[in-house]
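Here is how the chains run, residue by residue.
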Amino acid sequence: MKKLALFLAIGTSAFLVACGDKEEATNLPDNAPTEQNTMDQTSKDTNTDTTNAPYNFTHFDLDIKYADNKSYEVDYENEASRAEASIDDEVNNSKIEGNEATNTLVPIFESFTFDANTDSDAVIDEVLEKFNQPDSFLEVEIEIKFADGTVKEYRRTNQ
């Protein structure tokens, strides 16, 4: 019985490793900020220099809710060990992950002009515009972890 349990555990582990993570992205710009880089710099009491980075954040989460329980979601994380990206567009019935999502997201991220000090309404307006999302949403929520470690949440509801 123990041999069977060991065999099943090893087989399951091998299967999970082989599956990988569909959201993993490997085609990010070389100088894109990573959470580990910014955490190392922050822990040394130095300012994070992101002036040459293509965008100024390590995490970006967007969730837009529309009528009929439809949503548009973007998830992006860039950590030292790996990056993940996905776009789940229920309105247009599409979902892309990994490098395909990164290819879509990087040009949008590079076009952003806001930073951690930008007014909330301006950030939401720019994100909606750059992602070509209509104003007919019920609610939009954005969470961004900037390269300096600052985490900001933005939210707007339409009545």
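Residues numbered from 1 in each chain as written. Predicted model: local features only at pLDDT ≥ 70, side-chain atom pairs only at ≥ 80, totals over all residues. Heavy atoms only, no water.

Quick look at the environment of Thr58 now. Mapped onto the secondary structure, Thr58 falls in strand E2 (residues 57–66). As a C-alpha pair, Thr58 and Tyr76 span 18 residues in sequence and 7.8 Å in three-dimensional space. A distance of 2.9 Å separates polar atoms of two side chains, one belonging to Thr58 and the other to His59. (Helix = DSSP H or I, 4+ residues; strand = E, 2+ residues; numbered from the N terminus. Polar contact = N/O pair within 3.5 Å; in protein donor to acceptor, adjacent residues only side chain to side chain.)

What follows covers the pairing of strand E7 (residues 151–157). Note: strand E6 (residues 139–146) against E7, seven bridges, orientation antiparallel. Bridging across to E7, Lys145 finds its partner in Val151. What sits between the antiparallel neighbours E6 and E7 is a turn of four residues, in which Gly149 has the positive phi angle 95°. (Pairing = 2+ DSSP bridges.)

A separate point is unusual backbone geometry. Among all residues save glycine, negative phi is the norm, and among peptide bonds the norm is trans. One non-glycine residue with positive phi stands out, namely Asn69, at about 55°. Take Asn69: it is sitting in the loop between E2 and strand E3 (70–78). With relative accessibility at 75%, the residue Asn69 sits in the exposed group. The backbone of Asn93 sits at a positive phi, close to 55°, despite the residue not being glycine. Structurally, Asn93 is set in the loop between strand E4 (83–89) and strand E5 (94–97). (Buried < 20%, exposed > 50% of the residue type's maximum accessible area, 1.4 Å probe, protein only.)

Within the largest apolar cluster, 31 residues are counted, with the highest numbers of intra-cluster contacts made by Phe60, Leu62 and Phe131. Every element with two or more residues in this core is listed here: E2, E3, E4, helix H3 (98–111), helix H4 (120–130) and E6. Contact partners of Leu62, with chain neighbours within four places excluded, come to Tyr72, Glu73, Val74, Val127, Phe131, Val140, Glu141 and Ile142. (Core = buried A, V, L, I, M, F, W, Y, C linked by side-chain atoms within 4.5 Å. Contact = heavy atoms within 4.5 Å.)

Take the pattern of salt bridges next. One pass over the full model with this rule turns up seven salt bridges. Of the charged contacts in the structure, one is a salt bridge between Lys95 and Glu97, with a shortest N-O distance of 3.7 Å. One continuous salt-bridge network, built from bridges that share partners, spans Asp121, Asp125 and Arg156. (Salt bridge = Lys/Arg side-chain N within 4 Å of Asp/Glu carboxyl O.)

Okay, the pairing of E2 next. For E2, a buried count of eight out of 10 residues is recorded, marking the element as mostly surrounded by other parts of the structure. Sheet topology note: the E2/E6 ladder contains eight bridges and is antiparallel. For Leu62, the partnering residue across the bridge sits in E6 and is Ile142. In this structure, the hairpin formed by E2 and E3 is closed by a connection of three residues, where Asp68 is found at a positive phi of approximately 60°.

Another aspect to go through is the confidence of the model for the protein. The predicted model of the protein averages 78 in pLDDT, with 66% of residues at 70 or higher. Within the protein, no element has a lower average pLDDT than helix H1 (residues 2–19), which sits at 40, and none a higher one than E7, at 98. Counting contacts from residues 37–51, a segment whose pLDDT is below 50, to residues more than four positions away or on other chains yields 14 contacts. (pLDDT = per-residue confidence, 0-100.)

This part is about the packing of aromatic side chains. Under the definition given, this model contains 15 aromatic pairs. Seen in terms of ring centroids, Phe57 and Phe112 are 6.2 Å apart; in terms of plane orientation they differ by 45°. Their pairing is tilted. Here Phe112 lies in the loop between H3 and H4 and Phe57 lies in strand E2, a separation of 55 residues in the sequence. The class of Phe57 is buried, set by a relative accessible area of 0%. Look at Tyr76 and Phe109: their rings are 5.1 Å apart centre to centre, the planes differ by 65°, and that puts the pair in the edge-to-face class. Highlighted residues: Tyr76 in strand E3 and Phe109 in helix H3, separated in sequence by 33 residues. The same class applies to Tyr76 as to Phe109, namely buried. (Phe/Tyr/Trp six-rings, centres within 6.5 Å; stacked < 30°, edge-to-face > 60°.)

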